[in-house]
Amino acid sequence: MSMVKVEKHNNIALVSINNPPVNALSRGVRDGLYEEIEKLGTTTDTEAIVLICDGRSFVAGADIKEFGKPLQGRSLQEVQNIFRQCPKPIIAAIHGTALGGGLELALCCHYRVAVPTAHLGLPEVHLGILPGAGGTQMLPRVVGAEKALDIMINGGMIKAKEALDMGLLDKVAEGTPQTIGLEFAQHAIGSRLPLKKVEELQDKKSADLKKTDLFENYRKKIARKTRGFLAPEAIIKCVEASLNMDFEEGLKFEQQEFLNLLSSNESAAQRYYFFSERQAKKIPGLDKKAPNIPVKKIGIIGAGTMGGGIAMNFANAGMPVTLVEREKEALKKGLDTIRKNYQRSADRGKITQEQVDTRCGLIEGTIDFERLHNCDLVIEAVFELMEIKKSVFKKIDAIVKPGAILATNTSFLDVNEIAAVTKRPESVIGLHFFSPANIMKLLEVVRGEKTSDDVINTCLALAAKIKKVGVLVGVCHGFVGNRILEARQSQAMNLIYQGCLPWDVDRVLFNFGMPMGPFAMNDLAGNDIGWDPEKSNGATIQERLCEQGRKGQKTGAGFYSYDPQTRQPSPDPIVANMIKEFNQDNGHKERKISDEEILDRCLLPMVNEGAKIMEEGIALRPSDIDVVWVNGYGWPVYKGGPMHWADSIGLDKVVSKLEKLSSEDQNENLKPAPLLLELAKKGKSFSDLSQ
Ligand code: CAA
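Bear in mind that the values here come from a model prediction, so they are computed numbers and not experimental data. (Residues numbered from 1 in each chain as written. Predicted model: local features only at pLDDT ≥ 70, side-chain atom pairs only at ≥ 80, totals over all residues. Heavy atoms only, no water.)

## As for the site of the ligand
Around the ligand, 26 residues are found, and the nearest of them are Arg56, Gly101, Glu104, Arg278 and Lys282. At a separation of 3.0 Å, an oxygen atom of the ligand approaches a polar backbone atom of Gly132. Considering the ligand on its own, with 990 Å² of exposed area, one finds that the protein chains cover 77% of that surface. Mapped by element, the contributors of at least two residues to the shell around the ligand are helix 3 (101-107) and helix 12 (265-279). With three residues, the single largest contributor to the shell around the ligand is helix 12. When the residues that make up the shell around the ligand are grouped by side-chain class, the tally is 16 nonpolar, four polar and six charged. (Near = heavy atom within 4 Å. Polar contact = N/O pair within 3.5 Å; in protein donor to acceptor, adjacent residues only side chain to side chain. Areas by Shrake-Rupley, 256 points an atom, 1.4 Å probe, with all protein chains shown as cover. Helix = DSSP H or I, 4+ residues; strand = E, 2+ residues; numbered from the N terminus. Nonpolar A, V, L, I, M, F, W, Y, C, P; charged D, E, K, R; others polar.)

## A word on the state of the cysteines
Under the criterion given, the structure shown has zero disulfides. This cysteine, Cys109, is not joined by any disulfide, and Cys108 carries the nearest cysteine sulfur, 7.1 Å off. (Disulfide = S-S within 2.5 Å.)

## A closer look at the packing of aromatic side chains
This model, assessed by the stated rule, comprises twelve aromatic pairs. Taken together, the aromatic side chains of Phe434, Trp629 and Tyr633 make up a single cluster linked through ring pairs. The aromatic ring of Phe369 is capped on one face by Lys395, whose charged end is 3.9 Å from the ring centroid. The cationic tip of Lys639 hangs over the ring face of Phe512; the distance from NZ or CZ to the ring centre is 4.1 Å. (Phe/Tyr/Trp six-rings, centres within 6.5 Å; stacked < 30°, edge-to-face > 60°. Lys NZ or Arg CZ within 6 Å of the ring centre and 35° of its normal.)

## A word on the domain arrangement of the chain
Taken domain by domain, the chain holds domain 1 (4-262), domain 2 (298-479), domain 3 (499-585) and domain 4 (595-620 + 630-689). Between the C-alpha centres of domain 1 and domain 4 the distance comes to 42 Å. (Domains from an automatic or database assignment.)

## Observations concerning empty space enclosed by the protein
One pass over the full model with this rule turns up one cavity of 30 Å³ or more. Estimates place the volume of the largest cavity at around 40 Å³. Taken together, Arg84, Leu107, Cys108, Cys109, His110, Lys196, Lys197, Val198 and Glu199 form the lining of the largest cavity. Among the residues forming the lining of the largest cavity, the class breakdown is four nonpolar, one polar and four charged. (1 Å grid on protein atoms, 1.4 Å probe; cavity = no way out; pocket = protein on both sides within 12 Å on 5 of 7 lines; lining within 4 Å. Points joined across faces, edges and corners; volume = space filled by probe spheres on them.)

## Points about a positive patch on the surface
A surface patch of like charges, here positive, comprises Lys65, Lys69, Arg278, Lys281 and Lys282. By secondary structure assignment, the location of Arg278 is in helix 12. Relative accessible area serves as the criterion here: at 36%, Arg278 is assigned to the partly exposed category. (Patch = residues over 30% accessible without salt bridge, like charges linked within 9 Å, V, L, I, M, F, W, Y side chains within 5 Å. Salt bridge = Lys/Arg side-chain N within 4 Å of Asp/Glu carboxyl O. Lys, Arg positive; Asp, Glu negative; His and termini not counted. Charge placed at Lys NZ, Arg CZ, Asp CG, Glu CD. Buried < 20%, exposed > 50% of the residue type's maximum accessible area, 1.4 Å probe, protein only.)

## Quick notes on the side chain of Gln270
Looking at where Gln270 falls in the secondary structure, it is placed in helix 12. For Gln270, a relative accessible area of 3% translates into the label buried.

## Digging into unusual backbone geometry
Here Pro20 and Pro21 are connected by a cis peptide whose omega angle stands at 5°. The linkage connecting Ser435 with the following residue, Pro436, adopts the cis geometry, with an omega of -10°. Relative to the helices and strands, Pro436 is located in the loop between strand 15 (428-433) and strand 16 (442-446). Even without being a glycine, Asn23 presents a positive backbone phi close to 55°. With respect to the element layout, Asn23 can be found in the loop between strand 2 (12-17) and helix 1 (27-42). Here Lys467, not a glycine, exhibits a phi torsion of approximately 60°, which is positive. Inspection of the secondary structure assignment puts Lys467 in the loop between helix 18 (453-465) and strand 17 (469-473). We classify Lys467 as exposed; its relative accessible area is 70%.

## What to know about the pairing of strand 16
Of all five residues that make up strand 16, five are buried, and the element is covered over most of its length. Residues of strand 16 alternate between two faces, with Leu442, Glu444 and Val446 on one and Leu443 and Val445 on the opposite face, all of them buried. Bridging between strand 15 and strand 16 involves four bridges; their strand directions are antiparallel. Bridging across to strand 16, Leu431 finds its partner in Val445. Bridge analysis of strand 16 against strand 17 gives five bridges, and the strand direction is parallel. Its bridge partner lying in strand 17, Val445 is registered against Leu472. Once the chain exits strand 16 it traverses helix 18 before rejoining the sheet at strand 17, and the crossover so formed is right-handed. (Pairing = 2+ DSSP bridges. Right-handed = clockwise from strand over helix to strand, strands pointing away.)

## Describing the sheet that holds strand 16
Strand order in the open sheet formed by eight strands is 12-11-10-13-14-15-16-17, with mixed pairing between adjacent strands. In this open sheet, the two strands that pair with only one neighbour each are strand 12 (363-366) and strand 17. On average, each strand axis in the sheet is inclined to that of its neighbour by 25°, with strand direction left out of account. As judged from the four bridges shared by strand 11 (residues 321-324) and strand 12, these two strands associate in the parallel manner. (Axes fitted to C-alpha atoms, helices over the stretch in contact; angles between N-to-C directions.)

Laid out in structure tokens, this is it:
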């Protein structure tokens, strides 16, 4: 069936695209548009053309699945040229989202109208590419260079009203795309509106040419946020070209930059990630018919950093929360912190004062556990000790209504053991949030042995509702994220035993693209986690640090010393000496270690642990592990995730490097996992398992 259809409405042709689910510009759409618009351009009884889309959205972009494959049929550029050359007004009537190539196509129309709920954007940056169908040349001419840079480099969506204000839309009106499009077309014919062409706009370009520091300042402004990504700089270069070159030349420049990005490893990783995140939502074998449990009211136990952060997620989504603490003082402290966090967002202009009050108003604090009785979901976020967790679950099992979900936010503990103390293990699940819980996007949804399908379905849907990326994992010590983290942290410590300094290891991982290295991370979390002052006798570096009060950022010193004003870390000779002494005391032989070896010794054990996680069925697919690491720990998305990274260097190489490391260290943990050996032997990669 044709993806492009034409319907005549007297002297107006209504051209509609039908390519579910998001009307991507696949070959059939491009060919159909080319043919129909070319024909309509010469059809005498057609005076105007309206372009709309069927289904839930206007065109959401090029078809990403076609990337990297040879072009078939008409190119998008050819289609755009037919639009530009059309002697009759073309009006794009937008609903849903007009994204990427979709917006670029709309920009080749003479007019753009939209329903109020529509969103527009050029999100290509998230795929490691740039808007390669003229977006970098057209958008600055419409909205000005700086706004265009913001839109393309943030890659976010603009609401219809905002788009109207900046001149990206000509009209926003209530109705269907068809009605508002036809109405505008009649107006265009009746008023003999000129054929407005974006490439001919001059005003914004002339004004921008006078702003001499524009690009230099912009580069400085985004440097920190875009570290390691290739696309933002390429976008800036293209926008510079839009000012310094004529339209045709600019398009050629953009095309070259686009192709460079498209063939980069970074873009391949980001496109892999795009599909991985969507794949993580698909759970084989899960009974989709299992009814979702209505979740209207949330209970949270523990008003500490974690509990408070979790509460904020639900309040942000407009859901009422009952936050329970044992003592009044702790409760007050928790509620105060929540308000302070919201207030900080309001002060930065991210939310309004009214939103601060509404959200705080949704969180009811209490020290009365009985108040949890009518909650649909209760999340426990108390101290990480099995006995405490069990006693909390026994208590809530007796209080909370039947059918409600009981969740634990444990980071490491056995969810099955916790579930076993209740009379409803089928209603028990792990919901592992990552700190700071109101910011980090990951939610590990931990399926217990007896957790029912409807509880899992409900929790995955709830993750989306609170704007988290939910990944279903199984029960084991540390689940997916923390188990792999432990593998890395212990090898990072091994490097210290062999003569590396913490800042050497951290520098290598930071340069790789991680937000911080293992030791800066320890300082942030607190070196005293699990430290017992009673038993401490300098047997580990952690003990020696804590004995000297170097518990991390919170005490102003840990592996690093922290500037009291700026909190900037700096390497500390005291720690360097402490390490030297420790190694001497323990007979460790120090040696010079290259950056490449540091990277291998930190990252390869993560891959190995990931392989073991797959063998045990803890993760459903390697790409789920990558989604966990990108969202929970800031693994650079332009390197895909640990499993994609391993694939990109080749599993045979991973195996031989691990074999070398394990024999050098006589360390069983570094021996390649059987799955890794098997895949490497067959010349396969992890992606072969990510179906
Ligand atoms: N190409 C191919 N498939 C796409 C797609 C695209 N551009 N956009 C979405 N899909 C697919 C998804 O993979 C998903 O498929 P499955 O159901 O098989 O998993 C399906 O469409 C639905 O997508 P979502 O689950 O993401 O649905 P949503 O309603 O949550 O979000 C959306 C819809 C906002 C459009 C979101 O899918 C999205 O952001 N898509 C990407 C948009 C984009 O990046 N466009 C630019 C493309 S590149 C380009 O256009 C280059 C250029 O300059 C020419």
